[in-house]
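Overview (structure and organization)
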Amino acid sequence: MNDFAGLVAADMPRIRAELEELVRIPGCAFPGFPDADIQRACDKVVEILTDAGYASVRRLEIEGGKPAVLAEAPGPPGSPTVLLYAHYDVQPGGDESLWSSPPFEPTERAGRLYGRGAADDKSGVVIHAAVMRAFQGRPPCTVRVVVEGEEEWGGPFEQYPRSHPEVFAADAIVVADVGNARVGEPTFTTALRGMAAVTVHCRTLQGAVHSGMFGGPAPDALMALIGLLATLRDADGETAIDGITGFEWDGAQFDEQDFRELAGVEPDQPLVGQGTVASRLFSKPVVNVTGLDAPPTQGAINAVIPQATARVSLRVPPGQDAVAARDALVQHLQTRAPWGISVSVTPEAVGQGVRVDTDGPAYAAARAAMHEAYGKPAQEIGAGGSIPLIDSLRAAVPGAEILLFGAQDPMARIHAPNESVDLAELEKAVLAQTLFLQNFGLSKDR
Ligand SMILES: [Zn+2]
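Given the structure is predicted, the values throughout are model-derived calculations rather than measurements.

**Digging into the coordination of the zinc ion**
Looking at the zinc ion, one finds its protein donor set to be His 87 (NE2), Asp 120 (OD), Asp 177 (OD) and Asp 177 (OD), positioned 1.9 to 2.5 Å from the metal centre. Every donor counted, the 4 donor atoms about the zinc ion form angles of 53 to 142° at the centre, which fits irregular coordination.

Below, the structure is given as structure tokens:
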């Protein structure tokens, strides 16, 4: 019996050192950021996976996008194949003055390592490297790794699995770009909301006119647009669009006070909507207005506004087709403007949500692994955000079980200033993934 816990604990200095090396490279795939940083980050991933003992490691050039890294280590004959996914690109550091330590200088405070990408998702990269060291390059199942370089940007890699399913062929796929419901609580993410967005434009006049001379019969485009936007929620704040319905969440619940603190809700303001916080967050739709083009209040004059534009973002319940949900949103906006006003609606691309099946042998192996690594049974949560790649993976490898677990947690502040990873959590995440590969490689009921 291998002492995996001891092996992983002894490996932590190296795991951390590799994570720090990665954090120091500000590889951001968004247009306008230096491609040289992405290339350096990609080279570093190749180096780390090679040193970890993967038998083959190569760069994969993505047309019109950023390079990915593929690695593979064969398991014993007849053993299953597990694909491990992570991404090495990061969000920009943003306003450095909001960081307690510079975003690309890894810094430890109170057991957490701070830096852009320390959690999202360079933690995933070092986990996939560390598990191979735990098996000294001889894993109990065939292990494939795909580390992409444009997840945050949403580049063409998202569609790559559909056109190259052979690269992703596996019995189980682990997406280490998520984390636990709270530190020390082992958690699988089993549902992700999809997303859709549209821009709605209202034009009523050829130009602004004096509100005293024309106001009244002259149609106010801004008020019409606001009236239309207000119909997207009911009196309780529930999203109210015909054809889009969520469901009650039956996994782990979300404490209301925790939510208030994490979201930074002002103490005198209510939470919005009906049902449990978990249902509202994981399994129900929500529509938000994320942008509004209208004259600013500074310098506003007494005029009837001739045109206004809003961007409307929709989170789609897991399991519902995001295209159908977007079409329902468009239909709503085109037919519900007040006073007979007409608007034009421009749809954007959608990201499909996911509801994963948790009945298979890989889940059984992973549940046992999580229990052993954390000393308690794992729970299931949804995620309010979306990982569009997963839909593409499901299309490419329809038979594979998809498991989402990793080293992030709600305190990780991903995409925000002061992103961090809890180092003890990172160690447990490495152990859990190691034990999963061990359990799954040995499991008989495949
Ligand atoms: Zn991520």
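**Considerations on the packing of aromatic side chains**
In the structure shown here, the tally under the stated rule is 11 aromatic pairs. Between Trp 249 and Phe 282, the ring centres sit 5.3 Å apart and the planes meet at 70°, which makes this aromatic pair edge-to-face. Of this pair, Trp 249 sits in the loop between helix H6 (221-230) and helix H7 (256-263) while Phe 282 sits in helix H8 (residues 277-283), and the two are 33 residues apart along the sequence. An identical accessibility class is assigned to Trp 249 and Phe 282; each is buried. Counting every residue linked through ring pairs, the aromatic cluster contains Phe 188, Tyr 363, Phe 405, Phe 436 and Phe 440. The ring of Phe 247 has Arg 355 lying over it, and the distance from NZ or CZ to the ring centre is 3.8 Å.

**Observations regarding helix H10 (residues 361-374)**
With 14 residues, H10 should reach 20 Å at 1.5 Å per residue; the first-to-last C-alpha distance of 20 Å fits that figure. Taken together, the buried positions of H10 are Ala 362, Tyr 363, Ala 365, Ala 366, Ala 369, Met 370, Ala 373 and Tyr 374. Burial along H10 is one-sided: seen end-on, the buried residues are contained in an arc of 160°.

**Quick notes on the pairing of strand S2 (residues 68-73)**
Of all the 6 residues making up S2, 5 are buried; the element is thus mostly covered by neighbouring parts of the structure. Bridging between strand S1 (residues 56-60) and S2 involves 5 bridges; their strand directions are antiparallel. Pairing of Ser 56 across the sheet is with Glu 72, part of S2. Relative to strand S6 (residues 142-148), S2 is paired through 5 bridges, and the arrangement is antiparallel. Directly across from Ala 73, in S6, lies its bridge partner Val 143.

Conventions adopted
- Residues numbered from 1 in each chain as written.
- Predicted model: local features only at pLDDT ≥ 70, side-chain atom pairs only at ≥ 80, totals over all residues.
- Heavy atoms only, no water.
- Donors = N, O, S within 2.8 Å, 3.2 Å for Na, K, Ca; no water.
- Tetrahedral: all angles 85-135°; square planar, octahedral: opposite > 155°, others 65-115°.
- Phe/Tyr/Trp six-rings, centres within 6.5 Å; stacked < 30°, edge-to-face > 60°.
- Helix = DSSP H or I, 4+ residues; strand = E, 2+ residues; numbered from the N terminus.
- Buried < 20%, exposed > 50% of the residue type's maximum accessible area, 1.4 Å probe, protein only.
- Lys NZ or Arg CZ within 6 Å of the ring centre and 35° of its normal.
- Expected span 1.5 Å × (residues − 1).
- Arc of directions from axis to C-beta.
- Pairing = 2+ DSSP bridges.

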